[in-house]
Structures are given as C-alpha cells and as structure tokens.
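If you want the building blocks of each chain, they are given just below.
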2 protein chains.
Amino acid sequence: MCNHNNYQMNRPYPSVLLENAVNEFAKLPGVGRKTALRLVLHLLREDISQVDSFTEAVSVLKREVKYCSLCHNISDSEICNLCADTSRDSSVVCVVENIKDVMAIENTVQFKGQYHVLGGIISPIDGIGPSDVEIASLVERVKTKSVKEVILALSATMEGDTTNFYIYRKLEPFNIKVSIIARGVSIGNELEYTDEVTLGRSILNRTPFSESFKINQK
Amino acid sequence: MCNHNNYQMNRPYPSVLLENAVNEFAKLPGVGRKTALRLVLHLLREDISQVDSFTEAVSVLKREVKYCSLCHNISDSEICNLCADTSRDSSVVCVVENIKDVMAIENTVQFKGQYHVLGGIISPIDGIGPSDVEIASLVERVKTKSVKEVILALSATMEGDTTNFYIYRKLEPFNIKVSIIARGVSIGNELEYTDEVTLGRSILNRTPFSESFKINQK
C-alpha cells in the first residue's frame, strides 16, 4: 500500500542526536524504527523534568535493583516481600520462569506458598542449559529447607516440558511431592476450537465435578 | 479470553524501583503497562553500559537538540542541512506539520525545495490556535526572502484543511503561488474501496494522462 515503512533507511535523519536516540529505542523488543521515532519525538515535546525522571527511573532501577536471595524474584531488599511474608506457606514452592509469571500467579489470589524464579528456561536451541537457570539453587533449597511440594508452573511449550522433566529428575532423590499446574481447556474457550493435545490431556486429567467449582478462598 | 491484562493493577509490583520505571515507560504514547513491563525487564537483562547508552542518548538529545532557525526542522546546528544545501531551490517552500513529514517527503526524492515545519496544526478542539504553530515565521519568511511558491502539504483532515485555509489567507497579500499537494486515489488502491470525497476530488482535479507518468528526476 505505502512504502514509507522504510523511509528512515533511505534518508538520513535531520539530526545525529535524534538518530542515536531512535537507534537506542529501536533496540527494545517489539519496537521498530518508526515506533522508536514516534517515542523519541514524544519525549522531545515533553518537559525536561519529565525526560529526566524517565531516564533516571531506568538508570536507578538498573543500578539499585536486587534479586531475592531465596527465590530470585526482583526485590528492593535482600529477601523479597513474598519470601519475608510469614503468613505464606514456605513448604510449597512454585517454580516459574520469570517475574511476570510471579505477578500473573499472584494476581489469581489462589496461591499462598512461595516462589522460585528460574530466570529462564532450558532451551538448547538458544544455547540455554540447566546451569544457566536457577535450578541448582532450587535443588539446594529443597535439600536445606523443609520443602514438601514443588509446583512446576512453566509454559506449556517444548522448552517448558524439557525444563519440567529436568527439574523432576533432579528432585526425585528427595522424595517430595512434585506437581504440575493443570493443562486443559481455557475458561471461556469453545471445545471445537481447542487443539487435540490440550483436549486429550483435559480428558485424561479430568477432575471430580464436585471439585471443579472449588476455588481457594482461605 | 484471559483477564490478566490488568494484573498490574490488582497486585503490587515486587519492587518500587521496577514500578517507577514501568510507570515512566507507560507514559509514552501507545505503550500500555504490560508493554512497559516487558520493555523494562528487557533493559534489566541488558548490560549496564547498554542501559547507560540508552538513557544517555535520550538525555543528550533533549538537552542539546536545536531547531533550524529558518525552517524549524530538528537540527544539530543553527541552520539545518536541508536549508544549508545550496543545490536546493529556496524559492519553493513546502509547509509540513512535523519532522516526520519532512522525512517522508524527502524519502520520495521528488522535492528539491525547502521546508517549513509548523510544529503542529491548528486544532481549536485541542486548544491549538494559529499563534501556537510557526505560521507567523512562515509569513515573515515569505515577506523577507524571495519565496515564489508555498506548497501546503498538511494531512487531509479537518484540522489540516483549516490550517491550509488560514495560511492561504495570510499569504494572499504577497501575491505568490500557493499550491496544495494532490489528493486522489492512492497508488495501489482499488477504486471501489476509495471513499466518495477522495474519488470526487480525483475526478475534479484530473491531470492530463501524458503528465500522469512523469516523475521528477532532475
């Protein structure tokens, strides 16, 4: 339809400073050169105090951020709020890939245990092996703390499955319960549009109807 | 389908620093809280030198950017490259809304005159009047420099039309040529999907066929 998607390529920017800023924004994931230009021009129109608080927030975060020494979640202190919360059950540890997953699970208000953030997922194709994610510290945690159950809450992808299996094998010697979050038909989804693998799993792992409407409200 | 679009609303962020950075990113146009979180977590994974060059580029741009004193385009010097280029025809001035429009027109390689960047468009609904955009300086430029033609190249919106008409009235006393970029069926568009106003204009402003395949190649 129109071919000015790549106009930034053909013509030089009117200013080197502008070009540098656009280049930096365009390095962010999902931000193309056109969006980058739009964001930079927006910041240019803002007050200098607003621009400063933008750059300051990013810079301070990078310099002062801490990771919880227990669960590796992002934190402002040595131990994060979730791990420090004594009302939470420290014997149940939910293994997730990243911080966003902690926030997603916390948002369900269905889980009152603790977390373990792997900081990644085993993916041989991307060169990410077991030692690149926080699996050793999980094993150590199970060995030294009184953990009774580990819940695997990784994405339902091949990499997630690989990581689940690797962790499962590593935790076998400790004789604790290792469970995995249920996979099945998403709430609101129609059966005919659900893929066969998911549907098959949801039949195999069917739950008693009397339990299906229970939600954890304690 | 899923309702964790707003999970950031319900649950506190694990870190105040993280939350601040997300808030700053979420102020950018078209960036929601979820995207903001993704961008911030990306920067967190980057080297500190990369994060510094990001914040530095934004900060330096805001502090050191200049605007061309003639055309108001963004520039690294007092007069921008386009105005300083003596091979360009300074008697033809193309009026555009913003810097992106200059870049878009430059990319067509069809225009060898100079520009005048209004820095906005008259929009009473947004409280933007004639004095908020660079119209006075355009009139001054026409009055003092030997401008022979002003080309109006604003968006084909109501605000664009209002601004076009305002400028046209302001330039009437100077007895110069005031033209407007052609409006018609976009190249590649099918006739049946073109709106009536555009199609009607394209019939009224039809051009001799022999001129329709000419492009400016000098």
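*Asks:* Explain the interface of chain A and chain B here, please?
*Replies:* Interface size is often expressed as the accessible area that is lost when the parts come together. Listed by partner, the interface residues are 64 residues for chain A and 61 residues for chain B. At the junction of chain A with chain B, the criterion picks out two salt bridges. Seen at the junction of chain A and chain B, the total is 18 residue pairs in polar contact (both at pLDDT 80 or more). At the level of secondary structure, the elements contributing two or more residues to the side of chain A that touches chain B comprise helix H1 (7-10), helix H2 (16-26), helix H3 (33-45), helix H4 (48-64), strand S2 (74-75) and helix H6 (99-108) of chain A.

*Asks:* I would appreciate a short explanation of the sheet that holds strand S3 (residues 89-96) of chain B in the present structure.
*Replies:* Strands belonging to one sheet form pairs held by backbone hydrogen bonds; the direction of such a pair is parallel or antiparallel. Residues and elements named next belong to chain B. Spatially, S4-S3-S5-S6 is the arrangement adopted by the four strands of the open sheet, whose pairing is parallel. What marks the edges here is a single partner per strand, and that holds for strand S4 (113-117) and strand S6 (177-180). Here the strands of the sheet are splayed against their neighbours by 25° on average, with no regard to which way each runs. Of the strand pairs in this sheet, S3 and S4 are connected by five bridges, and their pairing is parallel. Within the sheet, the bridge partner assigned to Val-96 lies in S4 and is Val-117.

*Asks:* Hey, could you run me through the packing of H2(A) against H3(A) in this one?
*Replies:* Residue and element names in this part refer to chain A. Interhelical geometry of H2 versus H3 gives an angle of 120° and a closest axis separation of 8 Å. For the element pair H2 / H3, the angle class is oblique. Of the two elements, H2 crosses H3, and the hand of that crossing is right-handed. Taken together, the residues of H3 that come into contact with H2 (itself represented by Leu-18, Ala-21, Val-22, Asn-23, Phe-25 and Ala-26) are Arg-33, Ala-36, Leu-37, Leu-39, Val-40, Leu-41 and Leu-43. The residue makeup of the contact of H2 with H3, split by class, is eleven nonpolar, one polar and one charged.

*Asks:* How should the pattern of salt bridges be read in this particular structure?
*Replies:* Pairing is possible between side chains that carry opposite charge, provided their charged atoms lie close to one another. Residue and element names in this part refer to chain A. All chains considered together, the criterion is met by twelve salt bridges over all chains. In this structure, Glu-149 engages Lys-177 in a salt bridge whose closest nitrogen and oxygen atoms are separated by 4.0 Å. Highlighted residues: Glu-149 in strand S5 (residues 149-152) and Lys-177 in strand S6 (residues 177-180), separated in sequence by 28 residues. Overall, Glu-149 belongs to the buried group, its relative accessible area being 17%.

The rules behind these values
- Counting of residues starts from 1 at the beginning of each chain's written sequence and follows it residue by residue.
- The naming scheme follows written order: chains are lettered A onward, ligands numbered 1 onward.
- It should be noted that, the model being predicted, local features are given only for residues of pLDDT at least 70 and side-chain atom pairs only at 80 or more, the latter also being counted only at that level, while totals for whole chains, interfaces and linings use all residues.
- Each side-chain value is derived from all of the structure's non-hydrogen atoms; neither hydrogens nor water enter the calculation.
- The contact definition used throughout considers only heavy atoms, calling two residues in contact when any of these lie within 4.5 Å.
- Each salt bridge in this description consists of a side-chain nitrogen of Lys or Arg and a carboxyl oxygen of Asp or Glu lying within 4 Å of one another.
- Pairing of N or O atoms within 3.5 Å defines a polar contact, subject to two protein rules: one partner must be a possible hydrogen donor and the other a possible acceptor, and residues neighboring in sequence count only if both atoms are side-chain atoms.
- In this text, helices come from DSSP runs of H or I with a minimum length of four residues, and strands from runs of E with a minimum of two, each type numbered from the N-terminal end.
- Pairs of strands are assigned from DSSP output, requiring at least two bridges between the strands.
- Axis definition: a line fitted to C-alpha atoms, limited for helices to the stretch in contact. Angles are taken between N-to-C directions and run from 0 to 180 degrees.
- To sort the angles, those under 35 degrees are grouped as roughly parallel, those over 145 as roughly antiparallel, those from 65 to 115 as roughly perpendicular, and the leftovers as oblique.
- Less than a right angle of anticlockwise turn of the near helix away from the far helix marks a crossing as left-handed, whereas a clockwise turn marks it as right-handed.
- Residue polarity follows a fixed list, in which Ala, Val, Leu, Ile, Met, Phe, Trp, Tyr, Cys and Pro are nonpolar, Asp, Glu, Lys and Arg are charged, and the others, Gly among them, are polar.
- A 1.4 Å probe rolled over the protein chains alone gives each residue an accessible area, and that area as a share of the maximum for its type sets the label: buried under 20%, exposed over 50%, partly exposed in between.

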